[in-house]
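Inside the fold
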Amino acid sequence: MAKKTRPKYIFVVGGVLSGVGKGVTTASIGAIMKAKGFKTTALKADPYINVDAGTMNPIEHGEVFVTDDKDETDQDMGNYERFLDIDLTSMNYMTTGRVYQTVINNERSMKYKGRCVQVVPHIPEEIIGRIKRAQKHHDADMVIIEIGGTVGEYENILFLEAIRELKMANPDDVAVVLVSYLPVPAHLGEMKTKPTQHASRLLNQAGLQADMIVARGRMELDKPRREKLATFCGVQKENCISAPDVPSIYEIPSRFEDQNVGNKLLKILDMSPRKTDLAPWHAFVKKIHNSTKEVTIAVVGKYFGTGSFTLADSYISVIESVKHAAWFNNVKPILEWVDSEEFEKDPKKLLELKKYDGIIVPGGFGTRGIEGIISAIQFAREKKIPYLGLCYGMQLATIEFARHVLGKKGAHTVEVNDKTPHPIIIVNPFQAKNIAEEKYGGTMRLGAYDCDLIAGTQTRKAYGTAHISERHRHRYEFNNEYREEMDSAGLKVVGVNPESDLVEIVELENHPFFVGTQFHPEFKSRPMRPHPLFREFVKAAKGEK
Ligand code: GLN
């Protein structure tokens, strides 16, 4: 008799450290299940009270990833979209705040019919309800759910309780994967399992038993340590998966499959094994390894005194998009962070930008480092260095052009100077009201908007189509009063939103590549389908235009 196949739920929880790779594990398991022919979706449960990630500082929390349907979510959602090559929705993301908000609203509208509303069962019930609604919405066979944080924290205990209850009701349909860290202390030189044993025990305290352990660390998991994990954590030996650091996260689906992770999970979920078609992933990894000629890209912005680790997290989709585009063009991407405030302190430093093959100004907010960014854009424009401006990077490119080509002294965005004589970037009345009333959460121009492309332009050629849809996250916009003047002087408006007539894309004439987008193309780049604008930007950067 055929075994029941759907839906199945795979939960991914973390132990020992944050940032251990739960997101990539979730995404990779998803990619494997998809490659087995299952309809797969992925969810993130964030333990914060914040209703969404939009109000969290990206320097501390990482990038705010925006979905088509206007949700401001966790950066891990970007990994799911990239690895699974699917579009996710707000149903794929929840926070503690969002869960409580629903329960409280339900209580206010008598949905609990006069009963006492309690943390348990009503909060886990709502969590499970959300998971099931997402499963239905995507008609998924496999739902992979990542629980934010690590086991043993106060914050995510109710999510673990939800797993326990779901598993109790459907014992064969739920698998729990613990992604844990095995440190290698320098003075010992050997991998230690004890922290993971503790994590496993904390999971037990929450009423859960891991079915699989993904052993993250500097080294491979060897035989003695695998045996220790099996004995002390109560996980089958073969279900302790070695997951050492690898040069590229895109190798992980293949590395997992080398250890048969997919079929091991199917077995846990009481299903028959299935073949995995990972051929496209293998070919892609090969392409990465074969791309050895370097292309050097500067990412110019205001950067606080943080290490490159956090910056990489704040701009993860931009970085991944450059990588996808570079590998497509058979080159190896080298990204460098350039602090625009350095140009303000010492303008001679601008000359250092000469060494880069391309310059990106990513999205941003506020006033800090802005003059330095504008100088860098001027440098890219005048020295004909390929330039890609993303959101703020587009707005500031139009300001630079207004100041130095149209001769409009003091041209600015009202975000920085609301008394500027030339407000190139303005705020619409609707947004002005939000700002005045301090309504910041979820009120920006968010998510997917259509854009019509003008024939005969570089951008239109890059996309290969006249109508596109891209994701947004901004409050300010280009002032159409300057459009004609800017256009006839050479910074062409090449993409416009048909409903609002808002400027979405500008492109400079007589330049190898100079494009600014009001939207964030980086949210739609996929490993094997690079975004057309990043693709052409890198192509220009490697000098093939
Ligand atoms: N600060 C600008 C705005 O709000 C740009 C936003 C962004 O780059 N995401 O419009």
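Per chain, the residues get numbers from 1 upward, laid out in the order the sequence is written. With pLDDT at 70 or above as the cut-off, local features in this predicted model cover only qualifying residues; side-chain atom pairs require 80 or more to be listed or tallied, and sums for whole chains, interfaces and linings still use all residues. As a rule here, side-chain values cover all heavy atoms of the structure and leave hydrogens and water aside.

Any two cysteine sulfur atoms lying within 2.5 Å of each other are counted as a disulfide. Scanning the model with the defined rule gives zero disulfides in all. Not engaged in a disulfide, the cysteine C233 finds its nearest cysteine sulfur in C240; these two sulfurs lie 7.0 Å apart.

UniProt positions are given in the numbering used here, feature names are shortened, and annotations may be inferred rather than shown by experiment. Within the UniProt annotation, "domain: CTP synthase N-terminal" (unreviewed entry) is assigned to residues 8-270. For helices the rule is a DSSP run of H or I covering at least 4 residues; for strands it is a run of E covering at least 2, with both sets numbered from the N terminus onward. For residues 8-270, the end-to-end C-alpha separation is 10 Å, with 42% helix and 18% strand making up the annotated structure.

Before going further, it helps to examine the layout of surface pockets. By volume, the second largest pocket amounts to about 920 Å³. Cavities and pockets were defined on a 1 Å grid built over protein atoms only: a cavity is a set of grid points that admits a 1.4 Å probe from which the probe cannot escape, a pocket is an open set flanked by protein on both sides within 12 Å along at least five of seven lines, and lining residues are those with an atom within 4 Å of any such point. Residue lining of the second largest pocket: 40 residues in total, with P58, G363, G364, F365 and R473 positioned closest to the centre. For the lining of the second largest pocket, the secondary-structure elements that each account for two or more residues are α2 (58-61), β10 (294-301), α12 (308-314), α15 (370-382), α16 (392-404) and β17 (467-474). Grouping the constituent residues of the lining of the second largest pocket by class yields 21 nonpolar, twelve polar and seven charged. Grid points are joined across faces, edges and corners, and a volume is the space filled by probe spheres set on the points. Side-chain classes follow a simple rule in which Ala, Val, Leu, Ile, Met, Phe, Trp, Tyr, Cys and Pro form the nonpolar group, Asp, Glu, Lys and Arg form the charged group, and the remainder, Gly included, forms the polar group.

Next up on the list: the sheet that holds strand β2 (residues 40-46). Taking strand neighbours across the sheet as the criterion, the seven strands line up as β5-β2-β6-β1-β7-β8-β9 in an open arrangement whose pairing is parallel. Across the chains shown, the open sheet's two edge strands, defined by having one partner strand only, are β5 (93-95) and β9 (240-244). If you compare each strand with its neighbour and ignore which way they point, the axes differ by 20° on average. The strands touched by helix α8 (residues 223-233) within the sheet are β8 (212-217) and β9, with β9 carrying the most contacts at an inclination of about 130°. In this scheme, strands are said to pair when DSSP sees at least two bridges between them. Lines fitted to C-alpha atoms define the axes here, with helix axes fitted over just the stretch in contact, and angles between the N-to-C directions of these axes take values from 0 to 180 degrees. In this analysis, two residues are considered to be in contact whenever any of their non-hydrogen atoms come within 4.5 Å of each other.

The next thing to look at is the environment of F328. For F328, the position within the fold is in helix α13 (residues 316-328). Assessed through its relative accessible area of 45%, F328 is described here as partly exposed. With 188 residues separating them in the primary sequence, F328 and A140 have C-alpha atoms 30 Å apart. If sequence neighbours within four positions are ignored, F328 has contacts with K287, P530 and R535. Only protein chains enter the area calculation, which uses a 1.4 Å probe; residues under 20% of their type maximum are buried, those over 50% are exposed, and those in between are partly exposed.

The aromatic pairing rule takes the rings of Phe, Tyr and Trp, using the six-membered ring of Trp, and pairs them if the centres are within 6.5 Å, calling planes under 30 degrees apart stacked, those over 60 edge-to-face and the rest tilted. Under the defined criterion, the tally for this structure stands at eleven aromatic pairs. Pairing F284 with W327 gives two aromatic rings, centres 5.7 Å apart and planes at 80°, and the pair type is edge-to-face. Placement of F284 in helix α11 (residues 279-290) and of W327 in helix α13 is noted, with a sequence separation of 43 residues between them. With a centroid separation of 5.9 Å and an interplanar angle of 35°, the aromatic rings of Y315 and W337 are classed as tilted. Here W337 lies in strand β11 (residues 332-339) and Y315 lies in the loop between α12 and α13, a separation of 22 residues in the sequence. W337 sits in the partly exposed class, given a relative accessible area of 25%. Against the face of F38 rests R274, its NZ or CZ located 3.9 Å from the ring centre. Charge-over-ring placement is defined geometrically: NZ (Lys) or CZ (Arg) within 6 Å of the ring centre, and within 35 degrees of the ring normal.

Our next topic: the nonpolar core. Side-chain atoms within 4.5 Å are what join buried Ala, Val, Leu, Ile, Met, Phe, Trp, Tyr and Cys residues into a set we call a nonpolar core. Core analysis: the biggest nonpolar cluster contains 47 residues, and I10, I29, M33, M142, V177, F256 and L265 have the highest contact counts within it. Setting aside its immediate chain neighbours within four residues, L265 contacts I10, I29, M33, A175, V177 and M212. Formed by 43 residues, the second largest nonpolar core is a distinct cluster that contains A134, I147, I163 and L208.

Our next topic: the UniProt feature "domain: Glutamine amidotransferase" (unreviewed entry) in the protein chain. Taken from the UniProt record, the annotation "domain: Glutamine amidotransferase" (unreviewed entry) applies to residues 311-539. From the first C-alpha to the last, residues 311-539 spans 25 Å; its make-up is 33% helix and 26% strand.

Now for the sheet that holds β10. Note: strands within a sheet are paired through backbone hydrogen bonds, in either parallel or antiparallel orientation. Strands sit in the order β11-β10-β12-β13-β21-β20-β19-β16-β17 across an open sheet of nine strands; the sheet is mixed. Looking at strand neighbours, the two that pair on one side only are β11 and β17, the edges of this open sheet. Taking the axes of each pair of neighbouring strands and ignoring which way they run, one obtains an average angle of 25° across the sheet. Summarising the sheet, strand β12 (residues 358-361) and strand β13 (residues 387-390) pair through three bridges and their orientation is parallel. Bridge assignment links I359 to a residue of β13, and that residue is Y387. Helix-sheet contacts for α16 involve β12, β13, β17, β19 (491-496), β20 (503-508) and β21 (514-517), and the interaxial angle to β13 is about 115°.

All right, on to the site of the ligand then. We call a residue near a molecule or strand whenever a single non-hydrogen atom of that residue lies within 4 Å of it. Every residue close to the ligand is listed here: G363, G364, F365, C391, Y392, Q395, E415, R473, H474, R475, Y476 and H520. Pairing of N or O atoms within 3.5 Å defines a polar contact, subject to two protein rules: one partner must be a possible hydrogen donor and the other a possible acceptor, and residues neighboring in sequence count only if both atoms are side-chain atoms. With respect to the ligand, the side chain of Q395 contributes an N or O atom lying 3.1 Å from an oxygen atom. A distance of 2.6 Å is found between a nitrogen atom of the ligand and a side-chain nitrogen or oxygen belonging to E415. The method behind every accessible area is Shrake-Rupley, applied with a 1.4 Å probe, and residues are considered shielded solely by the protein chains displayed. Surface burial for the ligand is 99%, taken as the share of its 300 Å² of free accessible area covered by protein chains.

What follows covers the side chain of D173. As for its position among the elements, D173 is in the loop between α6 (157-169) and β7 (174-181). By relative accessible area, D173 is classed as buried at 7%. A distance of 2.7 Å separates the side chain of D173 from the side chain of K8, its partner in a polar contact.

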